[in-house]
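Spelled out from the first residue to the last, the chains are:
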Amino acid sequence: ELIYEPQKARFPLKFGAVVMDQVALCKVRVVVETRAGAVGEGWGAMFLADFWSWPTASIEHSVKQQVMQRTVEGYARLVADYGEPAHPVDVFWSLEDELHRLSDEVSREVGTPEPQPFLGALVCASPVDAALHDAFGVANGVDVYKAYGPEFMGDLSHLLGNEFKDRYIADYLRAEYKQEIEVFHLVGGLDKLTRG
């Protein structure tokens, strides 16, 4: 299920040569079922921010938004039609070439003078991917970050080569949440700053 919500920023955000003040938020709901019949519902969301993922002034924002929404919808259909039990990482890995094709196809159909960059297509896939990971964790009764080890997926060699034999995504993640985190603050080019 895809839900689009127009969002307006309290303050325009400028980064590089681009100012973003309103954009569509794409929310995705996914329901999955395990081989054992356990069902999980997951949610993901991402701003379809063509301003930075497709930074060209030669195509109107509304046209880029149309391409991005159609790309999300096409990718969601690809995931829904995926016919085999698999870990979400493997689902994306096996559909990556289809995402390339889909992005170019939608750009041609809409008639853009240049195709959507693959970064834009990845932004389109990300709310679907996030929802799929969330649903996978729910269906398996685990925090999804605990599902990146040998209990739930194969090692990284099938994705990254033999030097990653017996290595898992979990090997590169912190085992526990930090109680406190450093704060990241984004300062845009239009933010009002004082010397103080």
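Model, not experiment: these values are computed from the prediction.

Participant: When you look at the pattern of salt bridges in this model, what are you seeing that I'm missing?
Facilitator: Pairs may arise between side chains of opposite charge once their charged atoms sit close together. Summed over all chains, the structure comprises ten salt bridges. Close ionic contact of Glu98 with Arg101 constitutes a salt bridge, the shortest N to O distance being 2.9 Å. One end of the pair is Glu98 and the other is Arg101, both in helix H3 (residues 88-110) and three residues apart, which spans about a single turn. Classification of Glu98 as partly exposed rests on a relative accessible area of 30%. In this structure, Lys146 and Glu176 form a salt bridge, with 3.7 Å as the shortest nitrogen-oxygen distance.

Participant: What exactly am I supposed to notice about the nonpolar core here?
Facilitator: When a protein is soluble and globular, its nonpolar side chains tend to lie buried together. Within the largest apolar cluster, 28 residues are counted, with the highest numbers of intra-cluster contacts made by Val30, Tyr75, Val79 and Val128. Every element with two or more residues in this core is listed here: strand S2 (18-33), helix H2 (61-80), H3 and helix H4 (118-140). When near neighbours in sequence (up to four residues on either side) are disregarded, Val79 contacts Val91, Leu95, Val128 and Leu132.

Participant: How should the packing of H2 against H3 be read in this particular structure?
Facilitator: For any two helices packed against each other, the geometry is given by the interaxial angle and the distance between the axes. Interaxial distance between H2 and H3 falls to 9 Å at its minimum, and their mutual angle equals 145 degrees. In terms of crossing hand, the pair formed by H2 and H3 is right-handed. Contacts from Val63, Gln66, Val67, Arg70, Thr71, Gly74, Tyr75, Leu78 and Val79 of H2 reach H3 at Val91, Phe92, Leu95, Glu98, Leu99, Leu102, Ser103, Val106, Ser107, Glu109 and Val110. Among the residues forming the contact of H2 with H3, the class breakdown is twelve nonpolar, five polar and three charged.

Participant: Can you walk me through the environment of Leu25 in this structure?
Facilitator: As for its placement among the helices and strands, Leu25 is situated in strand S2. Setting aside anything within four residues of it in sequence, one finds Leu25 in contact with Ile3, Tyr4, Glu5, Gln7, Ala45, Met46 and Phe47.

Participant: Explanation requested: the layout of surface pockets in the structure shown.
Facilitator: Empty space among the atoms becomes apparent when a probe as large as a water molecule is rolled across them. Counted as a void, the largest pocket has a volume near 590 Å³. If you trace the largest pocket, you find 21 residues lining it, with Glu33, Glu84, Pro85, Ala86 and Phe136 closest to the centre. Of all the elements in the fold, those that place two or more residues in the lining of the largest pocket are S2, H2, H3 and H4. Among the residues forming the lining of the largest pocket, the class breakdown is 14 nonpolar, four polar and three charged. As a volume, the second largest pocket reaches approximately 430 Å³. Lining the second largest pocket we find 17 residues, and of these Ala9, Arg10, Phe11, Pro12 and Leu13 sit closest to its centre. Among the secondary structure elements, those contributing two or more residues to the lining of the second largest pocket are strand S1 (2-15) and S2. Considering every element that reaches the lining of the second largest pocket, the biggest residue donor is S1, with seven residues.

Participant: Help me understand the side chain of His87 in this model?
Facilitator: Summarising the element assignment, His87 is placed in the loop between H2 and H3. For His87, the side chain forms a polar contact with the main-chain nitrogen of Val89, separated by 3.1 Å. The contacts of His87, once residues within four sequence positions are left out, are His133, Phe136, Ala147, Tyr148, Phe152 and Met153.

Participant: In this structure, what is going on with the packing of aromatic side chains? I would like to understand it.
Facilitator: The geometry of an aromatic ring pair is captured by two quantities: the separation of the ring centres and the angle between the planes. Enumeration over the complete set of coordinates arrives at two aromatic pairs. For the ring pair Phe136 and Phe152, a centre distance of 6.0 Å and an interplane angle of 75 degrees mean the geometry is edge-to-face. On the criterion of sequence distance, the pair formed by Phe136 in helix H4 and Phe152 in the loop between H4 and helix H5 (157-160) is long-range, its members being 16 residues apart. Pair check on accessibility: Phe136 and Phe152 agree, each one buried. With a centroid separation of 6.1 Å and 70 degrees between ring planes, the pair formed by Tyr145 and Tyr148 is classed as edge-to-face.

The rules behind each value
- Residues numbered from 1 in each chain as written.
- Predicted model: local features only at pLDDT ≥ 70, side-chain atom pairs only at ≥ 80, totals over all residues.
- Heavy atoms only, no water.
- Salt bridge = Lys/Arg side-chain N within 4 Å of Asp/Glu carboxyl O.
- Helix = DSSP H or I, 4+ residues; strand = E, 2+ residues; numbered from the N terminus.
- Buried < 20%, exposed > 50% of the residue type's maximum accessible area, 1.4 Å probe, protein only.
- Core = buried A, V, L, I, M, F, W, Y, C linked by side-chain atoms within 4.5 Å.
- Contact = heavy atoms within 4.5 Å.
- Axes fitted to C-alpha atoms, helices over the stretch in contact; angles between N-to-C directions.
- Left-handed = near helix turned anticlockwise from the far one by under 90°.
- Nonpolar A, V, L, I, M, F, W, Y, C, P; charged D, E, K, R; others polar.
- 1 Å grid on protein atoms, 1.4 Å probe; cavity = no way out; pocket = protein on both sides within 12 Å on 5 of 7 lines; lining within 4 Å.
- Points joined across faces, edges and corners; volume = space filled by probe spheres on them.
- Polar contact = N/O pair within 3.5 Å; in protein donor to acceptor, adjacent residues only side chain to side chain.
- Phe/Tyr/Trp six-rings, centres within 6.5 Å; stacked < 30°, edge-to-face > 60°.

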